[in-house]
Amino acid sequence: MCSSDLGVVWLLAFFVVAFYAVMAVAFGSVDPILRTARPSWNPLQWDTHTFRDVVQRVATGDLRTVFVRTFLFVVAALAGCIAIGYPIAYFVARRAGKRRGLVLGLLVLPFWISYLMRMLAWTNLLEPDGLVNRVLHTLHLQQQPRNWLDGSWPTVVIGLVYGYVPFFILPLYSSLERIDNRLIEAGRDLGASGRRTFLSVTLPLSMPGLLAASVITVLPMFGDYFTNTYLTGGSTRTEMIGNQIEHYLMGTTQPQTGASLVLVLMVFLLVLMAYYLFTIVRQQRLADR
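The structure contained in this document is the topic of the report that follows. (Residues numbered from 1 in each chain as written. Predicted model: local features only at pLDDT ≥ 70, side-chain atom pairs only at ≥ 80, totals over all residues. Heavy atoms only, no water.)

**Topic: the layout of surface pockets**
For clarity, the cut-off: Here a cavity means grid points, on a 1 Å grid over the protein atoms only, where a 1.4 Å probe fits yet cannot get out; a pocket means an open set of points with protein on both sides within 12 Å along at least five of seven lines; lining residues are those with an atom within 4 Å of a point. Grid points are joined across faces, edges and corners, and a volume is the space filled by probe spheres set on the points. Think of it this way: any DSSP run of H or I at least four residues long counts as a helix, any run of E at least two long counts as a strand, and we number them from the N terminus. In this classification, the charged set is Asp, Glu, Lys and Arg, the nonpolar set is Ala, Val, Leu, Ile, Met, Phe, Trp, Tyr, Cys and Pro, and all remaining amino acids, among them Gly, are polar.
What the largest pocket holds in volume is close to 340 Å³. As for the largest pocket, its lining consists of 17 residues, of which L78, S214, V215, V218 and L272 are closest to the centre. For the lining of the largest pocket, the element with the most residues is helix α9 (residues 194-222), which contributes 8 residues. Here the residues of the lining of the largest pocket sort into 15 nonpolar, 2 polar and no charged.

Below you can see the structure in the form of structure tokens.
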């Protein structure tokens, strides 16, 4: 067995074990004395009542609003990551030159600071007397200070973009950096303008990297609960599915509901992953022809 096959085996083993543990909790019971989860490891003894109830709540009940809100937040944050991350990745890959190492170091630097600390820093920036309001007032974009931390959706989207845009830039940079310069030069030699060359050559060739960056960014966003908790005080108006999972697993005596929500979210994300893999395989087959 080669090293790559061994890596796949380890990856599948860890995924399968973790997934089965979540299923054991979701289809298990609650300890009547300690009021904690009692996993059921025997599939023949699984109780799917709670899971079916959660699926119904997601489809037509109260959890549907939370899922739709989470999806809209993630889409808006992904759009922000593309608007910010693509120009930066393009600059680093095609224009940075000798400064490439420095810029990459600055992009990696946020990973040295915990996500929690970075979100706490944003709470200071977004306070009524914080830097954001002072800058907006100086630029005459608003007359009165705005309370960004009162549970408004732009605050959550800004936090998601800030927290995950480095995950978007790095894989996209890797894809842009591998594009053969001769293909771009060929487009220019054929009379295409810089804009036309970008739209016809650079952008299509960077699509695999753009898709990979989007997947890497979107997956943790769907499970995020720190951002809403620390930037809006856990406001119910901006509550995401990750907040609901944390609530049921840590704040109630209904761990099966939290685990069932994890399963529903995992199924949804697996659909996105399947679409990504299908797209990549199709592009590779077209490239081989």
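**Observations regarding the environment of G85**
Note the cut-off: By the convention used here, residues are in contact when the closest approach between their heavy atoms is within 4.5 Å.
Turning to its location among the elements, G85 is positioned in helix α3 (residues 62-94). Placed 87 residues apart in sequence, G85 and L172 show a C-alpha to C-alpha distance of 8.3 Å. The contact partners of G85, leaving out residues within four places of it in the chain, are V165, F168, I169 and L172.

**Here we look at the side chain of T232**
Note the threshold: Polar contacts here mean pairs of N or O atoms no more than 3.5 Å apart (in protein, one a potential hydrogen donor and the other a potential acceptor; neighbouring residues in sequence count only if both atoms are side-chain atoms).
Residue position: T232 is located in the loop between α10 (226-231) and α11 (241-250). A polar contact is formed between the side chain of T232 and the backbone nitrogen of S235, at a distance of 3.3 Å. At a separation of 3.3 Å, a polar atom in the side chain of T232 contacts the side chain of T238. When near neighbours in sequence (up to four residues on either side) are disregarded, T232 contacts L149, G151, S152, V156, T227 and T238.

**As for the packing of aromatic side chains**
Using the following cut-off: Ring pairs are drawn from Phe, Tyr and Trp, using the six-membered ring of Trp, whenever the two centres fall within 6.5 Å, and their geometry is named by plane angle: stacked under 30 degrees, edge-to-face over 60, tilted for the rest. For the exposure calls, accessible area comes from a 1.4 Å probe over protein chains only, and a residue counts as buried if that area is under 20% of its type's maximum, exposed if over 50%, partly exposed in between.
Applying the stated criterion across every chain, the model contains 15 aromatic pairs. With 5.0 Å between their ring centres and 45 degrees between their planes, F27 and W46 make a pair best called tilted. Taken together, the positions of F27 in the loop between α1 (3-26) and β1 (29-30) and W46 in the loop between β2 (37-38) and α2 (49-60) put the pair 19 residues apart, joining distant regions of the chain. Owing to a relative accessible area of 8%, F27 belongs among the buried residues under this scheme. Their ring planes at 75 degrees and their centres at 5.3 Å tell us that F222 and F268 sit as a pair that is edge-to-face. Residue F222 is found in helix α9, and its partner F268 is found in helix α12 (residues 255-288); the two are separated by 46 residues along the sequence. Residue class for F268 comes out partly exposed when judged on its relative accessible area of 31%.

**Digging into α9**
Note the following rule: Multiplying one less than the number of residues by 1.5 Å gives the expected span of a helix. The reported bend at a residue is simply the angle between two axes, fitted to the 7 residues ending at it and to the 7 residues beginning with it.
Look at α9: only 37 Å from first C-alpha to last across 29 residues, short of the 42 Å you get at 1.5 Å a residue. Considering bend angle alone, the principal kink of α9 is centred on M207 and spans about 50 degrees; proline P208 follows within four residues of it.

**Overview of the pattern of salt bridges**
How we decide: A pair is scored as a salt bridge if a Lys or Arg side-chain nitrogen falls within 4 Å of a carboxyl oxygen belonging to Asp or Glu.
Under the criterion given, the structure shown has 2 salt bridges. Here R57 makes a salt bridge to D62, at a shortest N to O gap of 2.8 Å. R57 sits in the buried class, given a relative accessible area of 16%. Owing to a relative accessible area of 47%, D62 belongs among the partly exposed residues under this scheme. In this structure, the salt-bridge partner of E177 is R100, at a minimum N-O distance of 3.7 Å.

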